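# Examination of the molecular architecture
This is what each chain is made of:
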Amino acid sequence: MATEQELQSLFNTLDRDQDGKVSINDLFLSPGLSAIVSSETNTSSPQELLVQYDSDEDGSITFEELKEAVKKASNLT
């Protein structure tokens, strides 16, 4: 389970270009961090994360979308 601060830190690390979005490429470039995201969101892959939680369908995950995914998985403390 992650706190919001821990989740923000993880997101910032994944957001390599600091554009406020984590693309599927960002997730694949950090397999260890991607595994943490998968476990915190109960998804099996970056593709599944995008399919389920990319609410604006722009092909990337914002911090708010990631936070919502973790909340739905009941892993946000």
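Conventions used here
Residues numbered from 1 in each chain as written. Predicted model: local features only at pLDDT ≥ 70, side-chain atom pairs only at ≥ 80, totals over all residues. Heavy atoms only, no water. Buried < 20%, exposed > 50% of the residue type's maximum accessible area, 1.4 Å probe, protein only. Helix = DSSP H or I, 4+ residues; strand = E, 2+ residues; numbered from the N terminus. Contact = heavy atoms within 4.5 Å. pLDDT = per-residue confidence, 0-100. Axes fitted to C-alpha atoms, helices over the stretch in contact; angles between N-to-C directions. Parallel < 35°, antiparallel > 145°, perpendicular 65-115°, else oblique. Nonpolar A, V, L, I, M, F, W, Y, C, P; charged D, E, K, R; others polar. Left-handed = near helix turned anticlockwise from the far one by under 90°. Phe/Tyr/Trp six-rings, centres within 6.5 Å; stacked < 30°, edge-to-face > 60°.

In this section: helix H3 (residues 31-41). Residues Ser-34, Val-37, Ser-38, Glu-40 and Thr-41 constitute the buried set of H3. On its buried face, H3 is in contact with helix H1 (4-14), helix H2 (24-29), helix H4 (46-53) and helix H5 (63-72). Note on H3: the residue one or two positions beyond its end, Asn-42, has a positive phi of about 55 degrees.

Below, the discussion takes up the confidence of the model for the protein chain. When pLDDT is averaged along the protein chain, the result is 92; 100% of the residues meet or exceed 70. Across the protein chain, element-level confidence peaks in strand S2 (residues 60-62) with a mean pLDDT of 96 and bottoms out in H2 with 88.

Their axes nearest at 7 Å, the elements H3 and H5 cross at an angle of 50 degrees. By the angle between their axes, H3 is oblique relative to H5. Residues Val-37, Glu-40 and Thr-41 of H3 touch H5, and the partners they reach there are Leu-66, Ala-69 and Val-70. Classifying every residue of the contact of H3 with H5 by side-chain character gives four nonpolar, one polar and one charged.

Quick look at the environment of Ser-55 now. In this fold, Ser-55 is placed in the loop between H4 and S2. As a C-alpha pair, Ser-55 and Glu-65 span ten residues in sequence and 7.1 Å in three-dimensional space.

This paragraph deals with the packing of H1 against H5. Remark: H1 packs on H5, axes separated minimally by 11 Å, with the N-to-C direction vectors making an angle of 130 degrees. Considering their axes alone, H1 and H5 lie oblique with respect to each other. Of the two elements, H1 crosses H5, and the hand of that crossing is right-handed. Touching Glu-4, Leu-7, Gln-8 and Phe-11 of H1 are Phe-63, Leu-66, Lys-67 and Val-70, all from H5. Grouping the amino acids of the contact of H1 with H5 by side-chain chemistry returns five nonpolar, one polar and two charged.

Going through the model one piece at a time under the given rule, you end up with one aromatic pair. Taken together, a centroid distance of 5.8 Å and an interplanar angle of 70 degrees make the contact between Phe-11 and Phe-63 edge-to-face. Of the two residues, Phe-11 is situated in helix H1 and Phe-63 in helix H5; the sequence distance between them amounts to 52 residues. Here Phe-11 and Phe-63 have matching classes, each one buried.

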